[in-house]
Amino acid sequence: SDHNIARLKLTQDKVNTLASGLKLIAESAHSTTDQVLRRMLIAEDMTLELRTVPIGVLLVIFESRPDALPQVAALSIASGNGLMLKGGKEAWHTNRVLFNLVQRAMEEFCPPTAVQLIVTREEVADLLKMNQFIDLVIPRGSSQLVKDIQDAAGSIPVMGHAEGVCHVYIDKDCDSKKARRIAIDAKCDYPAACNAMETLLIHKSHLSGGLFHKLIEDLKQNNVKIHIGPRLSMLLPVSPVPVNDFSVEYGSLDCNVEVVDSLQDAVQHIHTWGSGHTDVIVTENEKASKEFRSSVDSACVFVNCSTRFSDGYRFGLGAEVGISTGRIHARGPVGIQGLLTTKWILVGNGQTVEEFTAGDNRKQFIFKQLPIDESCEESRDVELAKTSTEADEKTDEKELVKNNVHVKKA
């Protein structure tokens, strides 16, 4: 189909964008793993740090889109993770060539075995049973693929990149020029992408004005096949059979168009039919903008811009391993940070918990936030010295009070 062919093509523009994204990933790779996120002086001579670490070994199952392979490989290498890749069979030959390029690029810097290409579905099934070796599975594709992988993965965590049923809502207080540009770009820029618009929601006030007809005409001029919703169908003098299932990800020049009574009505439609991927409001009303942003429960919520900006490269991440519509760990375009976890490091000097719980002279917790810049060790020493001085002063005050009591008694 045209949808699959569009995904399989590796055009010069795609290659240029791919190269630019890989450079962004390379530039950020030096400061990702072992990064200090938090540093605290929890007690005298005890420093606690929260640092980033790789998740481990990733198994990524992706659709027949060749540019995904070098993107996912780069993100995995930059985050310090091992990687096992399974691409769609339709792109097998291109994936093999790209995989060989990745292997050659890795030879000078790390073991080429850190990235492996899986060939068959049977190999994937076997790997999903190896929870002692695989730390995270990332399936990219339909919701059915994600569900199948989740069922087969057992105890291995799954971060799904599911379908993108994205909406653009044209509010009653919109700028008509912005609305027309955004609607066409969201649908027509790259219809096969998961961040392409599938449903255009239009406030009912535009039916009596010229904007509704201009939007419909714009879509038709760009060869978009329009599927009318049931509510809009009832308001038109002549209408084709209305669409009743708004949950379809067309991935082509097909688009649902439906009318809504209000912003709240649009939000309800999005929550009923959307996939939690990316949803947009076009409005000049700041109150409506804030309400939409706070009400729509999607990974990406935009105001006055195209759904097509929901992308790792356009977010400045270089690329994405997928766009997660789940709630745990990472959400939206998943870049390097989404492939990291954390660990706590506590450095002491012989302390025991008993010293902090027993006796009149038990030690005290400080819980003093320290600069996270590792070059600021002097700050830690200053804080430690300051804390010690304050503790000494309090001790002196107690002794002074105690002595005064004794003098009065005498």
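Basis of the calculations
- Residues numbered from 1 in each chain as written.
- Predicted model: local features only at pLDDT ≥ 70, side-chain atom pairs only at ≥ 80, totals over all residues.
- Heavy atoms only, no water.
- Helix = DSSP H or I, 4+ residues; strand = E, 2+ residues; numbered from the N terminus.
- Rg over C-alpha atoms; globule rule 2.2 N^0.38 Å.
- Buried < 20%, exposed > 50% of the residue type's maximum accessible area, 1.4 Å probe, protein only.
- Contact = heavy atoms within 4.5 Å.
- Lys, Arg positive; Asp, Glu negative; His and termini not counted.
- Charge placed at Lys NZ, Arg CZ, Asp CG, Glu CD.
- 1 Å grid on protein atoms, 1.4 Å probe; cavity = no way out; pocket = protein on both sides within 12 Å on 5 of 7 lines; lining within 4 Å.
- Points joined across faces, edges and corners; volume = space filled by probe spheres on them.
- Pairing = 2+ DSSP bridges.
- Axes fitted to C-alpha atoms, helices over the stretch in contact; angles between N-to-C directions.
- Salt bridge = Lys/Arg side-chain N within 4 Å of Asp/Glu carboxyl O.

1. Focus: the overall build of the protein
Reasoning step 1: Helix and strand counts for the protein stand at twelve helices and 16 strands.
Reasoning step 2: The C-alpha atoms of the protein give a radius of gyration of 28 Å, which is well past the 22 Å a tight globule of 410 residues would have.
Reasoning step 3: Counting every position in the protein, which comprises 410 residues, the buried fraction comes to 45%.
Reasoning step 4: Long-range pairs, those at least 24 residues apart, make up 70% of the contacts in the protein with a sequence separation of at least 6.
Reasoning step 5: One way to put it: in the protein the 45 positive side-chain charges average out to a point 4 Å from where the 55 negative ones average out.

2. Structural notes on empty space enclosed by the protein
It is a probe the size of a water molecule, rolled over the atoms, that shows where empty space is left.
Reasoning step 1: Counting across every chain of the model gives one cavity of 30 Å³ or more.
Reasoning step 2: Within this model, the largest cavity holds a volume of roughly 30 Å³.
Reasoning step 3: Along the walls of the largest cavity sit Thr-17, Leu-18, Gly-21, Leu-22, Gln-71, Tyr-313, Gly-318 and Ala-319, which together make up its complete lining.
Reasoning step 4: Among the elements that take part in the lining of the largest cavity, helix H2 (residues 12-28) stands out by supplying four residues, more than any other.

3. Some details on the sheet that holds strand S9 (residues 225-228)
Reasoning step 1: The sheet built from six strands is open, its strands ordered S9-S10-S8-S7-S11-S12 with parallel pairing. The outermost strands of the open sheet, each flanked by one partner alone, are S9 and strand S12 (300-303). Taking each pair of neighbouring strands and ignoring which way they run, the sheet shows an average axis angle of 20°.
Reasoning step 2: Bridge count for strand S11 (residues 278-282) against S12 is four bridges, and the pairing is parallel. Across the sheet, the residue bridging to Thr-278 is Cys-300, located in S12.
Reasoning step 3: Where helix H8 (residues 211-221) meets the sheet, its contacts fall on strand S7 (166-170), strand S8 (197-203), S9 and strand S10 (254-260), and the angle it forms with S8 comes to roughly 160°.
Reasoning step 4: Against the sheet, helix H11 (residues 286-295) engages S7, S11 and S12, with an angle of about 170° to S12.

4. A closer look at the pairing of S7
Reasoning step 1: The buried fraction of S7 is high, at five of five residues.
Reasoning step 2: With burial as the criterion, each face of S7 is covered, one bearing Cys-166, Val-168 and Ile-170 and the other bearing His-167 and Tyr-169.
Reasoning step 3: Pairing analysis gives five bridges linking S7 to S8, with the strands arranged parallel. Looking across to S8, one finds that Cys-166 is bridged to Met-197.

5. Looking at the pattern of salt bridges
Reasoning step 1: As enumerated under the stated definition, the model contains 14 salt bridges in all.
Reasoning step 2: The partner of Asp-189 in a salt bridge is Arg-308, and the shortest N-O contact between them spans 2.8 Å. Here Asp-189, found in the loop between helix H7 (176-188) and S8, pairs with Arg-308, found in the loop between S12 and strand S13 (323-324); they are 119 residues apart in sequence, far enough to count as distant.
Reasoning step 3: Where salt bridges share partners, they join Asp-34, Arg-39, Glu-49 and Arg-51 into one cluster.

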